[in-house]
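A look at the structure
What follows is the residue order along each chain.
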Amino acid sequence: MNKLETKSGFVNILGVPNSGKSTLINKLVGKKVSIVSHKVQTTRFCVRGICTYLFDDLSKSQIILIDTPGIFPAKRRLDKAMVSAAWSELKHSDKVLFIHDVSKPIENNSLDVMKEIFKIKEKVILVLNKIDLLPKDKLLKKILDFKGLYAFEKVFLVSAKNGSGCGQLIKFLAMSMPTHPLLYNDNTISDLPLSILASEITREKLFKSLNKELPYNLMVETEKWDISSNKSINIQQTIFINKSSYKPIILGKAGQNIKRIGILARKDLEKLLDSKIHLFLFVKLKKNWMEDPSKYSSIGLNYNA
Ligand SMILES: Nc1nc2c(ncn2[C@@H]2O[C@H](COP(=O)(O)OP(=O)(O)OP(=O)(O)O)[C@@H](O)[C@H]2O)c(=O)[nH]1
Ligand SMILES: [Mg+2]
């Protein structure tokens, strides 16, 4: 490659919910740009994580990784909007990764997703994730199962959690990007506005600490963001819920639960922004927030998907 030549392009990451897409993006970027939880449907909209790779000859390749919501047979309006967002950028991406959690069988949902991807893209990279959870002999069988299904461009075995195999993957992607000037500054890691990133961090803590259907029925909005004279940041956020019975669960006994969630979110925000943060959380009942088009447009989702 010519020394002065730079590369830059888009990589779409698709898969069923919980396969580790967001964990992988965070590992490849080297910082947390997309929230992660053990629950399905954590990611609700496309998040771009940007990695600027430096080759040995000091030329650069910028890989814009697009994290997407997990794909599943959606029924509710919000779920349909999420799944539609997941597919929205595929056509224009330079490379596509289909990611599969090797600790799970290849279910119908995964087969459907692969079929749709191959309808649109000729070349697809298979990323078998969570290899830390599977013995080597079983992994070999899994690779053969996938190879029997489709002719993948490449197969990578990774653990997005501990990073194994991720170095080879990012190097391959860096080399595969088209020749193009950098699309972002080389120290940019995400395109999310800070107010949305801050809402996402609080939503992650809520996803991690709440059970059953509650996480899927709430949303978080950052409503105020003030910088004080001493440079500390005051952030006010509202957690919207669609059933009044959820409020006492989120608050917890004597407000202990929301206090704990607030502390966890604040610590993450302080790390991210390198500033002292004062975080104020409020819970508000808005029965039909899932039917409010503005709640979709604010995070780039299509209300009528
Ligand atoms: N053991 C292990 N766990 C992993 C690995 N990668 C991800 N996980 C875990 O899998 C769960 C789901 O990870 P996410 O990154 O949120 O998955 P996702 O595909 O983005 O999920 P959705 O946004 O819901 O579609 C989390 O509990 C992660 O910690 C891995 O390589 N090994
Ligand atoms: Mg995700």
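Residues numbered from 1 in each chain as written. Chains lettered and ligands numbered in written order. Predicted model: local features only at pLDDT ≥ 70, side-chain atom pairs only at ≥ 80, totals over all residues.

**Things to note about the overall build of the protein**
The number of helices and strands found in the protein is 9 helices and 9 strands. Computed over C-alpha atoms, the radius of gyration of the protein comes to 20 Å, within 12% of the 19 Å expected from 2.2 N^0.38 for 305 residues, which places it in the range of a compact globule. Seen along its three principal axes, the alpha-carbon backbone of the protein occupies a region of about 55 × 45 × 40 Å. A total of 305 residues make up the protein; the buried ones form 37% of that total. Relative to all contacts within the protein whose residues are 6 or more apart in sequence, the contacts with residues 24 or more apart total 69%. (Helix = DSSP H or I, 4+ residues; strand = E, 2+ residues; numbered from the N terminus. Rg over C-alpha atoms; globule rule 2.2 N^0.38 Å. Buried ≥ 20, exposed ≤ 12 C-beta atoms within 10 Å, placed from the backbone. Contact = placed C-beta atoms within 7 Å.)

**Section: the site of ligand 1**
The environment of ligand 1 is made up of 24 residues, and the closest members are G20, S22, T43, G70 and K161. Ranked by the residues each element gives to the shell around ligand 1, the list is headed by helix α1 (residues 21-29), at 3 residues. Class assignment of the residues belonging to the shell around ligand 1 gives a composition of 6 nonpolar, 14 polar and 4 charged. (Near = placed C-beta within 6 Å. Nonpolar A, V, L, I, M, F, W, Y, C, P; charged D, E, K, R; others polar.)

**Quick word on the sheet that holds strand β3 (residues 60-67)**
Pairing in this open sheet of 6 strands is mixed, and the strands run β2-β3-β1-β4-β5-β6 from one edge to the other. The sheet is open, and its two edges are formed by β2 (47-54) and β6 (154-157), each paired on a single side. For this sheet the average axis-to-axis angle between neighbouring strands, irrespective of direction, equals 25°. Note: strand β5 (residues 125-129) against β6, 4 bridges, orientation parallel. (Pairing = 2+ DSSP bridges. Axes fitted to C-alpha atoms, helices over the stretch in contact; angles between N-to-C directions.)

**A short note on the domain arrangement of the protein**
If you check the domain split of the protein, you get domain 1 (7-176) and domain 2 (194-297). On a C-alpha basis, the centres of domain 1 and domain 2 stand 28 Å from each other. Across the boundary between the two partners, domain 1 contributes 9 residues, which contact 11 residues of domain 2. Residues that form the side of domain 1 that touches domain 2 fall into these classes: 4 nonpolar, 3 polar and 2 charged. (Domains from an automatic or database assignment.)

**Thoughts on the sheet that holds strand β7 (residues 218-227)**
Here we have 3 strands laid out as an open sheet, ordered β7-β8-β9, and mixed in their pairing. On the outer flanks of this sheet lie β7 and β9 (277-285), each paired with one strand and no other. Recorded for the sheet is a direction-independent mean angle of 20° between the axes of neighbouring strands. Bridging between strand β8 (residues 233-241) and β9 involves 9 bridges; their strand directions are parallel. In the strand pairing of β9, I241 is matched with L285. Contacts from helix α6 (residues 194-209) reach β7, β8 and β9, with the element oriented near 135° to β7.

**Remarks on helix α5 (residues 166-176)**
Within the sequence span of α5, burial applies to C166, L169, I170, L173 and A174. Projected down its long axis, α5 shows its buried positions confined to an angular sector of 130°, all on one face. The outward face of α5, more than 90 degrees from its buried face, is lined by the exposed residues G167 and M175. (Arc of directions from axis to C-beta.)

**Topic: helix α2 (residues 77-88)**
Under the 1.5 Å per step criterion, the end-to-end length of α2 is 16 Å for 12 residues, consistent within 8% with the ideal 16 Å. Taken together, the buried positions of α2 are occupied by L78, A81, M82, V83, A85 and A86. Packing partners of the buried residues in α2 comprise β1 (7-14) and α9 (293-297). (Expected span 1.5 Å × (residues − 1).)

**Comments concerning the nonpolar core**
One finds V11, I13, I63, L65, F98 and V127 to be the most contacted residues of the largest nonpolar core, which totals 69 residues. Residue contributions to this core reach at least three from each of two domains, namely domain 1 (7-176) and domain 2 (194-297). In contact with L65, not counting residues within four places along its chain, are V11, I13, I25, L28, V29, R48, G49 and C51. (Core = buried A, V, L, I, M, F, W, Y, C linked by C-beta atoms within 7 Å.)

**So, the environment of N288**
Note that N288 resides in the loop between β9 and α9. Taking the number of C-beta atoms within 10 Å as the measure of exposure, N288 has 8 and is therefore exposed. Counting along the chain gives 218 residues from N288 to G70, while the straight-line C-alpha distance between them is 24 Å.

**Some details on the packing of α6 against helix α8 (residues 256-273)**
One can describe the packing of α6 onto α8 by two numbers: an axis separation of 9 Å at closest approach and a directional angle of 135°. The orientation of α6 relative to α8 falls into the category oblique. As for how α6 packs across α8, the hand of that crossing is right-handed. On α8, the residues that touch A198, I201, T202, K205, L206 and S209 of α6 are N257, I261, L264, A265, D268 and L269. The residue inventory of the contact of α6 with α8, partitioned by class, reads 7 nonpolar, 3 polar and 2 charged. (Parallel < 35°, antiparallel > 145°, perpendicular 65-115°, else oblique. Left-handed = near helix turned anticlockwise from the far one by under 90°.)

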